[in-house]
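Summary of the model geometry
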Amino acid sequence: MARVLHNLLLFLIRLALKIRVWGYWSLIYGYCALCTTVALLKLWWNIILRPTTTFQWGVRETPPACLNDTSLGTHCYVRIKESGLRFHYVAAGERGKPLMLFLHGFPEFWFSWRYQLREFKSEFRVVAIDMRGYGESDFPLSAESYNFDNLVTDVKDIVEYLGYNRCCLVGHDWGGTIAWLFAIHYPEMVTKLIVLNSPHPSVFSDYALRHPSQLLKSSHFFFFQLPRFPELMLSINDFKALKALFTSRSTGIGRKGRWLTAEDLEAYLYALSQPGALTGALNYYRNVFSSLPLSQNHVRSPVLLLWGERDAFLEQEMAEACRLYIRNHFRLNIISGASHWLQQDQPDIVNTLIWTFLKEGEGRKSYRN
């Protein structure tokens, strides 16, 4: 009788797991279909309103002058032997000083860290990279090339190529996700972790499934699973959706902070209008659901989490929940009035908070290689 009950219990557990997996993927594909329907309606409406301009967009041939501003640093390239990929990065500050490595988000590139490159080069070797699939770095063709393992390994390879065995790691948005993961898997290589508007990946997955409001704000995750169609929707009307992302009242930079200039916007359009650029950026999303949940969660480095109060894409409640996964000092700062793009929106406040965090505890000497 005991054996029968044991076997029955195992059967029920396996059945529950199968139902949970089925429900998870049903939610993903169902929501993806809904987002696709909405996008098709938007496309049809655009065609009706702008029949001659909807399918017009152009590659920016010449980079704007701000991308060659020498005050930001020197443009460099590295080819990683193991992956065969070439990465572009901008570096400033004296070689041999502690390394501060910046990882950008979607749909950005190294330029999003321009205010921090100028600020921290006095005491750090600051390096802002174009992550794989972005800017002047290589664009692997397959979506599988953008899985979490490859993205984390890219960071490790670049740190070691630069001649360091540890760094102060700073990430925003998708760069923040990779920064969390890198700190989880290589804690000995992260002296301090600084994350901007990016929750711990386990917090995000758990919270989104339990809060329909966050699921709605994350609808782009589902829409971006489609091949080619998201690239089209981001390109129509000469990249109107991308322009709105950075400049609209609801999602843009500078609602209460520093405005994105016309030249800054052209820098983004120059990078994202290049052939293959949008596909590379979107491929980050095309692996996310198969990469969760995480097998490891805990972060053992000191963590500073900065959060823009008016983030249009991420709910603030996730910020405090990140504390559950941190096995070291954790500081959370909510920046009033700041948008999702807070290192560009409120650079002075962000820089001050980073300096304060860097001076805490062990002090700056702990960053030396």
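Everything in this summary refers to the structure shown in the same document. (Residues numbered from 1 in each chain as written. Predicted model: local features only at pLDDT ≥ 70, side-chain atom pairs only at ≥ 80, totals over all residues. Heavy atoms only, no water.)

1. Remarks on the overall build of the protein
- Per the secondary structure count, the protein includes 14 helices and 8 strands.
- The proportion of buried residues among the 369 residues of the protein is 54%.
- Within the protein, contacts between residues separated by at least 24 positions form 77% of all contacts whose residues are at least 6 apart in sequence.
- Roughly 17,000 Å² of accessible area belongs to the protein as shown, and the carbon and sulfur atoms make up 58% of that amount. (Helix = DSSP H or I, 4+ residues; strand = E, 2+ residues; numbered from the N terminus. Buried < 20%, exposed > 50% of the residue type's maximum accessible area, 1.4 Å probe, protein only. Contact = heavy atoms within 4.5 Å. Areas by Shrake-Rupley, 256 points an atom, 1.4 Å probe, with all protein chains shown as cover.)

2. Some remarks on the side chain of Q344
- Topologically, Q344 is positioned in helix 13 (residues 342-345).
- At a separation of 2.8 Å, a polar atom in the side chain of Q344 contacts the side chain of E108.
- Filtering out sequence-adjacent residues up to four positions away, Q344 remains in contact with E108, S112, R114, Y115, I253, R258, L260 and Y268. (Polar contact = N/O pair within 3.5 Å; in protein donor to acceptor, adjacent residues only side chain to side chain.)

3. Overview of the nonpolar core
- Formed by 119 residues in total, the largest nonpolar core has its most connected members in L169 and L193.
- Residues in contact with L193, not counting those within four places in the same chain, are L169, A179, W180, A183, V299, P302, V303, L304 and F357. (Core = buried A, V, L, I, M, F, W, Y, C linked by side-chain atoms within 4.5 Å.)

4. Observations regarding a nonpolar patch on the surface
- Residues W44, W45, I48 and L49 make up a contiguous nonpolar surface patch of roughly 490 Å² in combined accessible area.
- Within the element layout of this structure, W45 appears in helix 1 (residues 2-49).
- You can call W45 exposed: its relative accessible area is 53%. (Patch = residues over 30% accessible without salt bridge, like charges linked within 9 Å, V, L, I, M, F, W, Y side chains within 5 Å. Salt bridge = Lys/Arg side-chain N within 4 Å of Asp/Glu carboxyl O.)

5. Looking at the packing of helix 3 (residues 148-161) against helix 4 (residues 174-185)
- Interaxial distance between helix 3 and helix 4 falls to 9 Å at its minimum, and their mutual angle equals 80 degrees. By the angle between their directions, the pair helix 3 and helix 4 is classed as roughly perpendicular. For the pair helix 3 and helix 4, contact is made by F148, L151, V152, V155 and K156 and by W174, T177, I178, L181 and F182, respectively.
- Classifying every residue of the contact of helix 3 with helix 4 by side-chain character gives 8 nonpolar, 1 polar and 1 charged. (Axes fitted to C-alpha atoms, helices over the stretch in contact; angles between N-to-C directions. Parallel < 35°, antiparallel > 145°, perpendicular 65-115°, else oblique. Nonpolar A, V, L, I, M, F, W, Y, C, P; charged D, E, K, R; others polar.)

6. Re the pattern of salt bridges
- On inspection of all chains with the given rule, the structure shows 12 salt bridges.
- The partner of R60 in a salt bridge is D238, with the nearest N and O atoms 2.8 Å apart. Within this pair, whereas R60 is found in the loop between helix 1 and strand 1 (74-79), its partner D238 is found in helix 8 (residues 229-247), the two being separated by 178 residues in sequence.
- The exposure class of D238 is partly exposed, given its relative accessible area of 22%.
- The residue K217 makes a salt bridge to E315 at a minimum N-O spacing of 3.9 Å. Placement of K217 in helix 6 (residues 212-217) and of E315 in the loop between strand 7 (303-308) and helix 12 (317-321) is noted, with a sequence separation of 98 residues between them.
- By relative accessible area, K217 is classed as partly exposed at 31%.
- Residues joined by salt bridges that share partners form a network here, namely R60, D238, K243 and E266.

7. Concerning the pairing of strand 4 (residues 125-129)
- The element strand 4 is largely enclosed, with a buried count of 5 among its 5 residues.
- Alternating residues of strand 4 divide into R125, V127 and I129 and V126 and A128, and every residue in both groups is buried.
- Sheet analysis places strand 2 (residues 86-92) next to strand 4, joined by 4 bridges and oriented antiparallel. Its bridge partner being in strand 4, V90 is matched across the sheet by A128.
- As paired strands, strand 3 (residues 99-103) and strand 4 are joined by 4 bridges and run parallel to one another. Its bridge partner lying in strand 4, M100 is registered against V126. (Pairing = 2+ DSSP bridges.)

8. Section: the packing of aromatic side chains
- Following the criterion strictly, the structure yields 25 aromatic pairs and no others.
- Note on F221 and Y285: the rings are 4.9 Å apart at their centroids and 85 degrees apart in plane angle, and the pair reads as edge-to-face. Note that F221 is positioned in helix 7 (residues 219-223) and Y285 in the loop between helix 10 (277-282) and helix 11 (288-291), a separation of 64 residues in sequence.
- Here F221 falls in the buried class, since its relative accessible area comes to 14%.
- The exposure class assigned to Y285 is buried, which follows from its relative accessible area of 2%.
- An aromatic cluster is defined as three or more aromatic residues linked by ring pairs; in this entry it consists of F106, Y134, Y146, F148, W174, F204, F221, F223, F224, F229, Y284 and Y285.
- When the ring centre of F357 is taken as reference, the NZ or CZ atom of K192 above it lies at 4.7 Å. (Phe/Tyr/Trp six-rings, centres within 6.5 Å; stacked < 30°, edge-to-face > 60°. Lys NZ or Arg CZ within 6 Å of the ring centre and 35° of its normal.)

9. Re the state of the cysteines
- Counting across every chain of the model gives 0 disulfides.
- For the unlinked cysteine C168, the closest cysteine sulfur is that of C167, found at 7.1 Å. (Disulfide = S-S within 2.5 Å.)

10. Re the sheet that holds strand 3
- Pairing within the open sheet is mixed, and its 8 strands lie in the order 1-2-4-3-5-6-7-8. Whereas interior strands pair on both sides, the edge strands pair on one side only; in this sheet they are strand 1 and strand 8 (330-335). Sheet twist, expressed as the mean angle between neighbouring strand axes with direction ignored, is 20 degrees.
- Lying on the sheet, helix 4 is in contact with strand 3, strand 5 (167-172), strand 6 (190-196) and strand 7; it crosses strand 5 at an angle near 145 degrees.

11. Details of the environment of F120
- Mapped onto the elements of the fold, F120 is located in helix 2 (residues 114-120).
- Taking the C-alpha atoms as reference points, F120 and W355, 235 residues apart in sequence, are found 8.7 Å from one another.
- Those residues in contact with F120 that lie beyond four places of it in its chain are M100, V126, N351, I354, W355 and L358.

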